[in-house]
Every structure is written in C-alpha cells, then in structure tokens.
Amino acid sequence: MMKFVIVAGTPGSGKTSVLLHAINHLKNKSIQPSVAKIDCLYTDDDKRYAKTGVPVLVGLSKDMCPDHFGIYNTEELLDFAIKNKSDLLIVETAGLCHRCSPYTKGSLGICVIDATSGPNTPMKVGPFLSTADIVAITKGDVISQAEREIFRESVLEMNPNAKIIEINGLSGKGCSELAEEIMLAKAVESGDDVLRHNAPLAICTLCVGETRVNKAHHRGILRRIDGFQFYEGE
Amino acid sequence: MYNFVNNNEPITKIYFMIESITIIGGYGKTGEQEPLQTIKINKGEIIGIVGPTGSGKSSLIGDIEQMAQYDTYSKRSILINGLKPSYEERTNPKKKMVAELSQNMNFLADMTVVEFLKKHAKCRGKNEDCVNTVIEHANRLTGEPIHKDHQLTILSGGQSRALMVADVAIISNSPIVLIDEIENAGIKKHEALELLSGHGKIILVVTHDPVLALMTERRIVMQDGSMQKLLTTTAKEKMVSKNINLLDRRIMKLREMVRYGELIEEFSLDFDEEVLLKKAI
Ligand SMILES: Nc1nc2c(ncn2[C@@H]2O[C@H](COP(=O)(O)OP(=O)(O)OP(=O)(O)O)[C@@H](O)[C@H]2O)c(=O)[nH]1
Ligand SMILES: [Mg+2]
Ligand SMILES: [Zn+2]
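Residues numbered from 1 in each chain as written. Chains lettered and ligands numbered in written order. Predicted model: local features only at pLDDT ≥ 70, side-chain atom pairs only at ≥ 80, totals over all residues. Heavy atoms only, no water.

Further remarks concern the coordination of the magnesium ion (ligand 2). All names here are of chain A. Taken together, T16 (OG1), D45 (OD) and E92 (OE) make up the full set of protein donors to the magnesium ion (ligand 2), lying 2.0 to 2.2 Å away. Each donor residue of the magnesium ion (ligand 2) belongs to the same chain, and together they define the spacing T-x28-D-x46-E. On the criterion of sequence distance, the pair formed by D45 in helix α2 (residues 45–50) and E92 in strand β4 (residues 88–93) is long-range, its members being 47 residues apart. Comparing D45 with E92, the two get one shared label, buried. (Donors = N, O, S within 2.8 Å, 3.2 Å for Na, K, Ca; no water. Helix = DSSP H or I, 4+ residues; strand = E, 2+ residues; numbered from the N terminus. Buried < 20%, exposed > 50% of the residue type's maximum accessible area, 1.4 Å probe, protein only.)

Let's shift gears to the sheet that holds strand β4 (residues 77–80) of chain B. All names here are of chain B. Strands sit in the order β2-β1-β4 across an open sheet of 3 strands; the sheet is antiparallel. Bordering the open sheet on either side are β2 (38–42) and β4, each of which pairs with just one other strand. For this sheet the average axis-to-axis angle between neighbouring strands, irrespective of direction, equals 15 degrees. Across 5 bridges, the pairing between strand β1 (residues 20–24) and β2 is antiparallel. Bridge pairing in β2 places I23 opposite I39. (Pairing = 2+ DSSP bridges. Axes fitted to C-alpha atoms, helices over the stretch in contact; angles between N-to-C directions.)

A word on the packing of helix α7 (residues 145–158) of chain A against helix α3 (residues 113–123) of chain B. Between α7 of chain A and α3 of chain B, the least distance of the axes is 9 Å, while the angle of their chain directions is 70 degrees. By the criterion of interaxial angle, the relationship of α7 of chain A to α3 of chain B is roughly perpendicular. Every pair of crossing elements has a handedness; the one defined by α7 of chain A and α3 of chain B is left-handed. Where α7 of chain A approaches α3 of chain B, its residues A146, E147, E149, I150, E153 and E157 of chain A are matched on the opposing element by F116, K119, H120, K122 and C123 of chain B. Taken together, the residues of the contact of α7 of chain A with α3 of chain B sort by class into 4 nonpolar, 1 polar and 6 charged. (Parallel < 35°, antiparallel > 145°, perpendicular 65-115°, else oblique. Left-handed = near helix turned anticlockwise from the far one by under 90°. Contact = heavy atoms within 4.5 Å. Nonpolar A, V, L, I, M, F, W, Y, C, P; charged D, E, K, R; others polar.)

A word on helix α8 (residues 235–259) of chain B. A rise of 1.5 Å per residue sets the reference length of α8 of chain B, with its 25 residues, at 36 Å; its end C-alpha atoms lie 36 Å apart and thus fit the reference within 8%. Considered for burial, the residues of α8 of chain B that qualify are E237, S241, I244, N245, L246, D248, R250, M252, L254 and M257 of chain B. (Expected span 1.5 Å × (residues − 1).)

Our focus in this paragraph is the interface of chain B and chain A. Taken together, the contact pairs 32 residues of chain B with 34 residues of chain A. Both sides of the chain B and chain A interface together cover about 2700 Å² of buried area, and 51% of this is carbon and sulfur. At the surface where chain B touches chain A, the tally comes to 4 salt bridges. Residue R124 of chain B is joined to E149 of chain A by a salt bridge in which the shortest nitrogen-to-oxygen separation is 2.6 Å. Counting across the chain B and chain A interface gives 8 residue pairs in polar contact (both at pLDDT 80 or more). Mapped onto the side of chain B that touches chain A, the elements with two or more residues apiece are α1 (57–66), α2 (87–91), β5 (98–101), α3 and α5 (157–172) of chain B. Here the element with the most residues in the side of chain B that touches chain A is α3 of chain B; it accounts for 5 residues. Its residues assigned to classes, the side of chain B that touches chain A comprises 14 nonpolar, 10 polar and 8 charged. (Buried area = accessible area lost by both parts, 1.4 Å probe. Salt bridge = Lys/Arg side-chain N within 4 Å of Asp/Glu carboxyl O. Polar contact = N/O pair within 3.5 Å; in protein donor to acceptor, adjacent residues only side chain to side chain.)

A few words on the sheet that holds strand β6 (residues 176–180) of chain B. Residue and element names in this part refer to chain B. Taken together, 6 strands build an open sheet; the order of strands is β5-β6-β7-β3-β8-β9 and the sheet is mixed. Both outer strands of the open sheet, β5 and β9 (226–232), are each paired with one neighbouring strand and no more. The sheet shows a mean angle of 20 degrees between the axes of neighbouring strands, taken without regard to direction. Two strands pair when backbone bridges link them, and strand β8 (residues 218–223) and β9 are joined in this way by 6 bridges, in the antiparallel orientation. Note on β9: the bridge partner recorded for R219 is L231. Packed on one face of the sheet, α5 meets β5 and β6 and runs near 175 degrees to β5. The strands that helix α6 (residues 189–196) touches are β3 (46–50), β5, β6 and β7 (202–206); relative to β6, the one it contacts most, it runs at about 155 degrees.

Before going further, it helps to spend a moment on the pairing of strand β5 (residues 108–114) of chain A. Residue and element names in this part refer to chain A. Within β5, 7 of the 7 residues are buried, leaving the element largely enclosed by the surrounding structure. What you see with β5 is no split at all: L108, I110, V112 and D114 on one side and G109, C111 and I113 on the other are buried throughout. Bridge count between strand β1 (residues 2–8) and β5: 4 bridges; the pairing is parallel. When the sheet's bridge partners are listed, A8 is paired in β5 with C111.

Right, let's talk about the domain arrangement of chain B for a bit. Residues and elements named next belong to chain B. Annotation of chain B at the domain level lists domain 1 (20–233) and domain 2 (235–281). Each of domain 1 and domain 2 has a C-alpha centre, and the two are 27 Å apart. Contacts between domain 1 and domain 2 engage 17 residues on the former and 14 residues on the latter. Sorting the residues of domain 1 by area buried against domain 2 places V211, L214 and T233 first, and these three jointly supply 38% of that buried surface. For R219, the salt bridge identified is with E237, shortest N-O distance 2.8 Å. On inspection of domain 1 and its partner domain 2, the count reaches 4 residue pairs in polar contact (both at pLDDT 80 or more). Counting only elements with at least two residues in the side of domain 1 that touches domain 2, the list comes to α6 and α7 (210–215). The element contributing the most residues to the side of domain 1 that touches domain 2 is α7, with 4 residues. Among the residues making up the side of domain 1 that touches domain 2, the classes are represented as 6 nonpolar, 5 polar and 6 charged. (Domains from an automatic or database assignment.)

Okay, structure coming up:
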C-alpha cells in the first residue's frame, strides 16, 4: 500500500527545506519515504535529500511542462518507491506553470507558498493552490504578524477547504504538523488515479516548436489579448 | 479530496479570560536543566526578558508564541490558567491568544496603509472604523507622520514599527503580547508599551534597553539558552527608571531636532528632576 504525496510550489518557496524537516519527523516514526524531484532544467535538491538517507530520484522535464512530465511518469515514480521498499512516495515538483495542478485525486496535495511574495500571490498562482489539500505558508518569520494574517486570508479566499499550516523552512516550526498530516494520508490505488484539475486546453504551433513571432505562422487554439479565443487551422 | 476539520471561520474576540501563563523550564544549550523551573505570570503583568545576544531570548518568546508542549528545542512547556492548552488552541491561528511584535522593521506587502489596516481588521473580525484610530495612535509614537495613503513599503523603520505597535494594540488585541526589541526603532518606547499593555494583558518584552527593562515588574535573565534567574525590579531601580525615562525623552527630542535640520548647541547632563521635567517636553 503506497501513500502518494505531491508537493508543489513556486521556485524557492521552501519546498525542500520544509520537506527535509518533515522527513526527519517521519523517520523518527520509523517511516521510510522515497523522494522524487521533478524540475525543468537543473536541480541539486537530490543532494540535499540524500543527506537524510532517503532514496531520491530526479526527473528533468526539459522541453515538457514539468507538471505534465511528472504526471506522465507517475508509474515510474511509484515503482521507484516500491523498489526501495517505501510505503510513502513524496514528489517535489517545480510548479512553474500557473495553469496546471500536479495533484491526483488519490494523492495528498501540498502547496508550499512563500508569504513574502505578497498578499496578491494566492490570486495569481491558480490551481496548484486552489486544488491543494494542505497549504504550507513559509517565510512568515520575515514579515509582521498582521501581514501573515492577511496572507492567510487571501489563501483561504482561493481555497476555503485547505488545511493551512504556517511553517518555517529554517527553524522547522510546523514541520511536525506537516509530517502528521502526511502520515494520515490515504494509500493510492495506482493505475486508475485521475487528475484533480485538467491541464490547460490550448495546443498551438508554438507548443510544438514554431519560433517565428508573426501571427501568420500560428495555428491551433489561440487567444488574443482582448480575450477572444478561437481555433485557427484545418 | 481530503476532509479536514474546518478551522477557517473568522477570528472572533478573545475566547476566555487569561488569568495567568506558566512557563515550565526545559533544557539549555548545553543540555543541562534550566535553573528556573517554573515562572507564573499573572494578568496585567509586564515581564522583561534580558540576556546577551544568543542567550535564547527569542527562542523563549518563540516557545510562548507556539505554546510549546515539550516539542521545541528547549523542551519547555506553557500552561494557560494552569492548564495545558488544547491542540486546537495551539494550532488554529483564529484562536490565537498571542499577538507578536517581532524584530522585523519593514513591511513587504505592496499596499497602502489604509488598505492594509482594513484588510487586517477584516481578518480579525473588527469594524473598519478602527483604522483611523490605529493611524492616530501610530502617529503619537513616531516623529514622522504616517498618512493613510502612504505605501507600506516606503515607510521608514520608525514609521513601520509605530504602525505595527498600534496595529497589535488595537486590531490584534490579544491577551498575551510578545515584543522582541522595540528599542532600536526610534519610536517613543514608553508610550508604545503603555499602548500595548492595559486591560489586563500580559506583556513579555525582550530588551537590552535599561528604560524598558526597568519599566517591567520582573525580568527573566537568560544565559546559554536557559532561564537563569528572575529579578524583581527594586524600589531603587524604580527611582532610576524615572530618571532614565526623562533622559530618553530628551534624546528623542534631539533626534527630532536633527531630523528637522536644527542645530543642537545646548545639552546639559543635569539630572535634577525639576530641570529635566521642564526640558523634556
Ligand atoms: N526566512 C526564511 N527562509 C526560508 C524559509 N524556508 C526556506 N527558506 C529559504 O528559502 C530558500 C529556498 O528554499 P528551498 O527549500 O530550496 O526552496 P524550494 O521551493 O525547494 O526551491 P526549488 O526546489 O529550487 O524550487 C533557501 O535559501 C531557504 O533557506 C522560511 O521559512 N523562512
Ligand atoms: Mg527544492
Ligand atoms: Zn503546465
């Protein structure tokens, strides 16, 4: 029985820092997770995870959207965890594209968001925040309590059902609570899991490699700056 | 999707009266038991936390803020009215009994003073009308007037700090207030502490400043991560406190003169109270 935890958040929001603390709590409870890091071009998170002694797998999506790449390779990730005799797989994903959400229905979805990014950020980041089960708010230590409270309210406006944990990647505050929630996660039935949120619908010639800027060269589902969306092509 | 207990209802007022908090000592940095094993603080008390840099003052504040239950580095625990706070009271920020004024001197949120205060008032379930009161009070603490349409991020350290103090006092209005060093902000400390205390609140203030330290009733002395001893402010100290308070006001005044481009050609170290009182305001 495999528990599947997907952790998403903008670059530098503190995903690895909080997970390292949470992994230590999990290990103290004799849980051996496997970790996978999905990124686009480069990461050294694997070295940081390896220091805790957990098995780590890195996947670089290169030209593909990292969320799509992670979803497409879910089985391989789960197999990696099974091979390492873990009963918990934690996937850290870059979450660069603000239209995708990497969480599946069977997984526990954790969004890590940086409180210093300003109270409008929750409105900007889209489905990886609004479809998360848990929202971990980092870096509250560098802002005032009032700003933390306002940030928390904006998160709740976007995702009223989330469990919010105010967490600190440096001191580890809140990370034991995060570990508790991870332990409570349900096991996933692999094979028939589905995404919580559909990937963005547009497919256009730019997606498949067109580099010329002029409008004349573009086909597919396109959207003008005035909001008009249409299909151009055969 | 998972179902969690919904803990997201708006913050309501103080849930119950706090009569006391008790700090149960844990272990210092060297792993030895703390010399001070219990400290009980009653409502209305102002307690100082003193000690050299790195002696664990901020960690002690942190333990109280989190209502530690043997689960922090120090292994301290905190009791409210002699009882262990519930998991809910500890983790649900909407039930927060603690307001905190940390060392941060600047705001990062990109909005105006009035937008910020209105948003915060909404979070705390307060009426928007309090916004002007907050700004008025903040302006009594700083020499550089804050305007409601100022952008938060351009406020000076002193203005930000004054606004944070007034916001904690009026909008957050929690029964326990933790203050991590207000001395370096260039605001009127005495007035700030007065604004923050009152109505039976418990105040803990980390400080290196004799003005603030002597304004407290008792002070916890920290060393190597542990609570070493508890000093009670003596009658003699209270006399000294009066004088240094006056001196402090005079220095504030000099700071204002510098700020407004005036010359400072007269300053006497005369400690005669009568003279000081006259010169102070
Ligand atoms: N002040 C503060 N800094 C933090 C906190 N959490 C993380 N950091 C710092 O933020 C930076 C980024 O943290 P990471 O954990 O690497 O962030 P990440 O989300 O894993 O980053 P990527 O994997 O590159 O997307 C590091 O310098 C951390 O030390 C926090 O709660 N407070
Ligand atoms: Mg990372
Ligand atoms: Zn995408």
